[in-house]
Amino acid sequence: TFTLAIVGRPNVGKSTLFNRLVGRKLALVDDQPGVTRDLREGDARLMDLRFTVIDTAGLEEVTDDSLQGRMRRLTERAVDMADICLFLIDGRVGVTPSDEVFADILRKRGATVILGVNKAEGKAGDAGAIEAWGLGLGEPVRLSAEHGEGMEDLYHILRPHAEGFAERAAEDAPVVDVDVTEAEAEEEADLEAHKPTAKRPLQIAVIGRPNAGKSTLINKILGYDRLLTGPEAGITRDAISVRTEWMGTPTRIFDTAGMRKKARINDKLEKLSVADGIRAVRFAEVVVVLLDVEIPFETQDLRIADFAETEGRAVVVAVNKWDLEDEKQEKLAELKEMFERLLPQLRGAPMVTVSAKTGRGLDRLHAAILKAHDVWNRRITTARLNTWLSAMTEAHPPPAPQGRRIKLRYMTQVKTRPPGFVVMCSHPDLMPESYRRYLVNGLRDHFDMPGTPIRVTFRGQG
Ligand code: GDP
């Protein structure tokens, strides 16, 4: 069930509506003279809907100067407690400056608002209803709390909300005592289904500047010298590939070597053109960015690595010719620093040192590629995501740009290859980039997802 707050300036009929929704008996008790409770709460029913209703009418009787400030604070509190706000105006009076103030509060709080034009029995509220459009809070619903008119309209507006909350509650239910092992087992099974098979081999491309050692690496993976055997005819120009079984993994490698051979035959420049690089990235599930340890992170490497990230491919960075390196520890630290500085968008991508020539480190490269492919296909259950999300928001709540509080409601994974998540929240347009990064990095660390782009988008509840 959900919580509805009735808000609005004094005298628009909030109490009357509250009483109608919860039944007079309870309301009468609470309405004892002298009892000024700030916020009244009651169990409401509207046909088959059951929900909690909060009323801010307690201050109606207060007439001192501080009324406006107190009314404002009270309203803000009610809005924060509620899932939906029913904002009432008086249809006979029309929109007053005071109404505008309340409308502003609701907008700033990012509340889900139903606009009610009260005292609209018969045709009395016609003018007010038309004026109410001007508040920019959507279509107003005409009500008469006193005479019970418009209750059916209110019901039809509330019902989809109620269903939405019921759905969400069901989805979120396991959050309370989520069976982690069960959720993990589910994810495990899902991953198992994406393991490369003979029918669906792992697709990789090795990209990098000329002489980085691409051909040498590919030949090593294939276990024979591809340049001697010549390229197989590709099915299409876009996917010239070689099939192999690499350490037990059915694999298709984008045929960098074959293309190079063609280039040699045609006596052209011995390098992959930009178009070839793009084609390689499009072909691949996992892109291996092969760096030459002696000339690492060249502009061409950076460009293609960035393109791979933008295209949503999993990326593994391999530093080749490691056999030539004497000061391995120092070099590694230097490479890591360069990686962070030059390719921040690939944070989390694994970096593996290899020697294509001797074959050293190829087992670690194989493992890193498989892991990147796994997490690229990864699906995390909504239950586990939301448990994590509440811990994240608790540790570090979203900011309040321009005084507008951003409320994160829940999140769910909407796609894989690469993993994409949607976070439902208020003011998605105001969410700063830094908070998105906080969540992306958090996801990567907590759920152990190296080597894959992670997309997080924010959406309002509409
Ligand atoms: P490609 O242009 O990226 O395909 O590069 P190649 O595979 O043709 O290699 C370029 C040069 O680097 C060749 O002379 C290779 O023998 C050499 N090379 C490739 N990998 C290694 C390595 O791991 N260690 C050393 N020392 N040399 C390598």
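What counts and what doesn't
Residues numbered from 1 in each chain as written. Predicted model: local features only at pLDDT ≥ 70, side-chain atom pairs only at ≥ 80, totals over all residues. Heavy atoms only, no water. UniProt positions renumbered as here; feature names shortened; annotations may be inferred. Helix = DSSP H or I, 4+ residues; strand = E, 2+ residues; numbered from the N terminus. Buried < 20%, exposed > 50% of the residue type's maximum accessible area, 1.4 Å probe, protein only. Contact = heavy atoms within 4.5 Å. Salt bridge = Lys/Arg side-chain N within 4 Å of Asp/Glu carboxyl O. Polar contact = N/O pair within 3.5 Å; in protein donor to acceptor, adjacent residues only side chain to side chain. Pairing = 2+ DSSP bridges. Axes fitted to C-alpha atoms, helices over the stretch in contact; angles between N-to-C directions. Parallel < 35°, antiparallel > 145°, perpendicular 65-115°, else oblique. Left-handed = near helix turned anticlockwise from the far one by under 90°. Nonpolar A, V, L, I, M, F, W, Y, C, P; charged D, E, K, R; others polar.

Going by an unreviewed UniProt entry, the protein chain carries the name GTPase Der and comes from Gemmobacter denitrificans. For the record of the protein chain, the UniProt heading Function (unreviewed entry) holds the text "GTPase that plays an essential role in the late steps of ribosome biogenesis." Per UniProt, the protein chain has the following entry under Sequence similarities (unreviewed entry): "Belongs to the TRAFAC class TrmE-Era-EngA-EngB-Septin-like GTPase superfamily. EngA (Der) GTPase family."

J.: Can you break down the overall build of the protein chain residue by residue, with the values?
T.: A count of helical and extended segments in the protein chain gives 16 helices and 15 strands. Relative to its 462 residues, the protein chain shows a buried fraction of 52%. Of all intrachain contacts in the protein chain linking residues separated by at least 6 positions in sequence, the fraction that spans at least 24 positions is 71%.

J.: So what about the pattern of salt bridges? Which residues, and what values?
T.: Across all of its chains, the model carries 19 salt bridges by this definition. Two residues, aspartate 99 and arginine 9, come together in a salt bridge whose shortest N-O distance is 3.1 Å. Pair noted here: aspartate 99 is in helix H4 (residues 97–109) and arginine 9 is in the loop between strand E1 (3–7) and helix H1 (14–22), with a separation of 90 residues, a long-range link. Both residues of the pair, aspartate 99 and arginine 9, belong to the buried class. For glutamate 298, the salt bridge goes to arginine 209, with nearest N and O atoms at 3.5 Å. Within this pair, whereas glutamate 298 is found in the loop between strand E10 (286–292) and helix H12 (299–310), its partner arginine 209 is found in the loop between strand E7 (202–207) and helix H8 (214–222), the two being separated by 89 residues in sequence. On the accessibility criterion, glutamate 298 (31% relative accessible area) is partly exposed.

J.: How would you explain the side chain of asparagine 377 if you had to name every residue and give the values?
T.: Inspection of the secondary structure assignment puts asparagine 377 in the loop between helix H14 (362–376) and helix H15 (382–395). A polar atom in the side chain of asparagine 377 sits 3.0 Å from the backbone oxygen of histidine 373. Not counting residues within four places of it along the chain, the set of residues in contact with asparagine 377 comprises Asp190, Leu191, His194, Thr416 and Arg417.

J.: I'd love a proper account of the sheet that holds strand E5 (residues 113–118), names of residues and values included.
T.: Strands belonging to one sheet form pairs held by backbone hydrogen bonds; the direction of such a pair is parallel or antiparallel. Spatially, E2-E3-E1-E4-E5-E6 is the arrangement adopted by the six strands of the open sheet, whose pairing is mixed. This sheet does not close on itself; its edge strands, each paired only once, are strand E2 (40–46) and strand E6 (141–142). Direction of pairing for E2 relative to strand E3 (residues 49–55): antiparallel, over a ladder of seven bridges. Paired with glycine 42 across the strands is valine 53, a residue of E3. Relative to E2, H1 is tilted by about 55°, and along the sheet it contacts E1, E2, E3 and strand E4 (84–90). Against the sheet, H4 touches E1, E4 and E5, its axis set at about 170° to E4.

J.: Summarise the packing of H15 against helix H16 (residues 433–446); cite the residues concerned and give the values.
T.: Two numbers describe how H15 lies on H16: the axes approach to 11 Å, and their chain directions differ by 130°. In terms of orientation, H15 lies oblique with respect to H16. Handedness of the crossing formed by H15 with H16: right-handed. Mapping the contact onto sequence places Leu385, Trp388, Leu389, Met392, Thr393 and Ala395 in H15 and Tyr435, Tyr438, Leu439, Gly442, Leu443 and His446 in H16. Residue composition of the contact of H15 with H16, grouped by class: nine nonpolar, three polar and no charged.

J.: Any chance you could break down the pairing of E10 for me, citing the residues and the numbers?
T.: Within E10, seven of the seven residues are buried, leaving the element largely enclosed by the surrounding structure. Alternating positions in E10 separate into two faces, Val286, Val288, Leu290 and Asp292 on one and Val287, Val289 and Leu291 on the other, with burial throughout. For E10 and strand E11 (residues 314–320), the ladder comprises seven bridges, and the chain directions are parallel. Across the sheet, residue valine 286 finds its bridge partner in E11, namely alanine 314.

J.: Explain the sheet that holds E10 residue by residue, including any values.
T.: One open sheet accounts for six strands, arranged E8-E9-E7-E10-E11-E12; its pairing is mixed. Each of the sheet's edge strands pairs with one partner strand only, and the pair in question is strand E8 (241–246) and strand E12 (351–353). This sheet shows a mean twist of 30° between the axes of neighbouring strands, independent of strand direction. Where helix H13 (residues 328–342) meets the sheet, it contacts E11 and E12, and its direction lies at approximately 150° from that of E12.

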